[in-house]
Amino acid sequence: MTWEIARPSQPPALRGVDMAGFRIDSAVPEHLRAVPHPAVTLVVEFGDRRFDVRDATGRNHSGSLVLGLAGTAPAVRVEAIECVQVRLSPVAVPAILGVPSAELSGNIVALDDLWGRDATRLGERLYEMRGWHERFALIEATLAARCRDDRRADREVVWAWRQIVVGRGRHRVEHLAAAVGWSRQRLWSRFSAQIGVTPKRAAMLVRFDHAMHRLIRGQLPAQVAADSGYADQSHLHRDVRSFTGATLKSAVGEPWLAVDDRAWPAG
């Protein structure tokens, strides 16, 4: 499997948005895992290349789609694909996609179902363009045009999410609630309703993502577990299996994780 990965020359102006371009070729179909990441993923395909993603119910999805915050790793079948992949902070999703992150949580949704004919036209325009720079500019302009400030998440929820990300999943929920002047129950309820996962689950996902990237760089599991806030190495192994459905050794070798630092160098 060969990968061409492109990055924008400048970060997108929209807060909570990052993107990368992918062109993947393989002589035979490859079966991969879409390992969970603490973001809502928007994939816009163009051209004749396709891939298939299987959700938790066994249903296959292809074409441009949105993957909500996931609890497990969907199975992906890839032979060849050209796409722009956008990672959206879940607190930015309501304003940009027009639906709360909670409606997407754990789900795979066709972009056509959210944007109608506009999704098809976007793919057609991307196909006609000559290079990644133009494609990134079109995606950013499309997202900016659809963005509405009146659909943003509560500022307390936004703050709590960002603290969880900055703290790499090590903040306690009661401390976050106290900082915004809410009860623990209120933060738990509002956060879950708007983000799609509980604050505890969000912290677990952020911590897992940080740990996986350290493991990919060759750091020892025992050290990663100790530095990332896990009770012990067995706790790390259990989290990896919970989020990926695979052993730690197998998960670290997943191709999409192996190229992650090239596609998302700030991650």
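Located above this text is the structure these notes cover.
Residues numbered from 1 in each chain as written. Predicted model: local features only at pLDDT ≥ 70, side-chain atom pairs only at ≥ 80, totals over all residues. Heavy atoms only, no water.

Chemist: How should the overall build of the protein be read in this particular structure?
Modeler: Within the protein one finds 14 helices and eight strands. At 18 Å, the protein has a C-alpha radius of gyration in line with the 18 Å of a compact globule built from 267 residues. Per-residue burial over the protein gives 50% buried out of 267 residues. For the protein, restricting intrachain contacts to residue pairs at least 6 apart in sequence, the fraction spanning at least 24 positions comes to 71%. In the form shown here, the protein has an accessible surface area of approximately 12800 Å², with 48% of it arising from carbon and sulfur atoms. Both charge centroids of the protein, one from 36 positive and one from 30 negative side chains, sit 6 Å from each other. (Helix = DSSP H or I, 4+ residues; strand = E, 2+ residues; numbered from the N terminus. Rg over C-alpha atoms; globule rule 2.2 N^0.38 Å. Buried < 20%, exposed > 50% of the residue type's maximum accessible area, 1.4 Å probe, protein only. Contact = heavy atoms within 4.5 Å. Areas by Shrake-Rupley, 256 points an atom, 1.4 Å probe, with all protein chains shown as cover. Lys, Arg positive; Asp, Glu negative; His and termini not counted. Charge placed at Lys NZ, Arg CZ, Asp CG, Glu CD.)

Chemist: Hey, could you run me through the packing of aromatic side chains in this one?
Modeler: Considering all chains together, one arrives at six aromatic pairs under this definition. Arranged with centres 6.3 Å apart and planes meeting at 70°, the rings of Trp3 and Phe22 form a pair that is edge-to-face. Of the two residues, Trp3 is situated in strand β1 (residues 2-6) and Phe22 in strand β2 (residues 17-33); the sequence distance between them amounts to 19 residues. In this structure, Trp3 and Phe22 share a single accessibility class: buried. Seen from their ring centres, Trp3 and Trp256 are 6.2 Å apart, and the 75° between their planes marks the pair as edge-to-face. In this pair, Trp3 is assigned in strand β1 and Trp256 in helix α13 (residues 255-258), connecting sequence segments 253 residues apart. In textbook terms, an aromatic cluster arises when at least three aromatic residues are bridged by ring pairs, as seen for Trp3, Phe22 and Trp256. The ring centre of Trp182 lies 4.6 Å from the NZ or CZ of Arg186, which sits over that ring. (Phe/Tyr/Trp six-rings, centres within 6.5 Å; stacked < 30°, edge-to-face > 60°. Lys NZ or Arg CZ within 6 Å of the ring centre and 35° of its normal.)

Chemist: Would you mind showing me how to read the pattern of salt bridges here?
Modeler: Any two side chains of opposite charge can pair, so long as their charged atoms come close to each other. Applying the stated criterion to the full structure yields 16 salt bridges. A salt bridge links Asp18 to Arg7, with the nearest nitrogen and oxygen atoms 3.0 Å apart. Of the two residues, Asp18 sits in strand β2 while Arg7 sits in the loop between β1 and β2, which places them eleven residues apart along the sequence. Bridged by salt links that share partners, the residues Glu4, Arg23 and Glu82 form one connected network. (Salt bridge = Lys/Arg side-chain N within 4 Å of Asp/Glu carboxyl O.)

Chemist: I keep staring at the layout of surface pockets and nothing clicks. Help me out?
Modeler: To find the voids left in a structure, one rolls a probe of water-molecule size over its atoms. Within this model, the second largest pocket holds a volume of roughly 320 Å³. Every residue lining the second largest pocket is counted, 17 residues in all, and those nearest its centre are Gly169, His171, Arg172, Lys200 and Ala203. Broken down by secondary-structure element, the contributors of at least two residues to the lining of the second largest pocket are α7 (173-180), α8 (184-195) and α9 (199-216). Here the element with the most residues in the lining of the second largest pocket is α9; it accounts for five residues. (1 Å grid on protein atoms, 1.4 Å probe; cavity = no way out; pocket = protein on both sides within 12 Å on 5 of 7 lines; lining within 4 Å. Points joined across faces, edges and corners; volume = space filled by probe spheres on them.)

Chemist: Before we go on, may I ask you to explain empty space enclosed by the protein in this structure?
Modeler: If you walk through the whole model with that rule in mind, you get one cavity of 30 Å³ or more. Elements supplying a minimum of two residues to the lining of the largest cavity: β2, β3 (40-45), β4 (50-54), β7 (75-88), α9, α13 and α14 (260-263). Looking at which element gives the most residues to the lining of the largest cavity, the answer is β7, with five residues. Residues of the lining of the largest cavity, tallied by class, amount to 21 nonpolar, five polar and three charged. (Nonpolar A, V, L, I, M, F, W, Y, C, P; charged D, E, K, R; others polar.)

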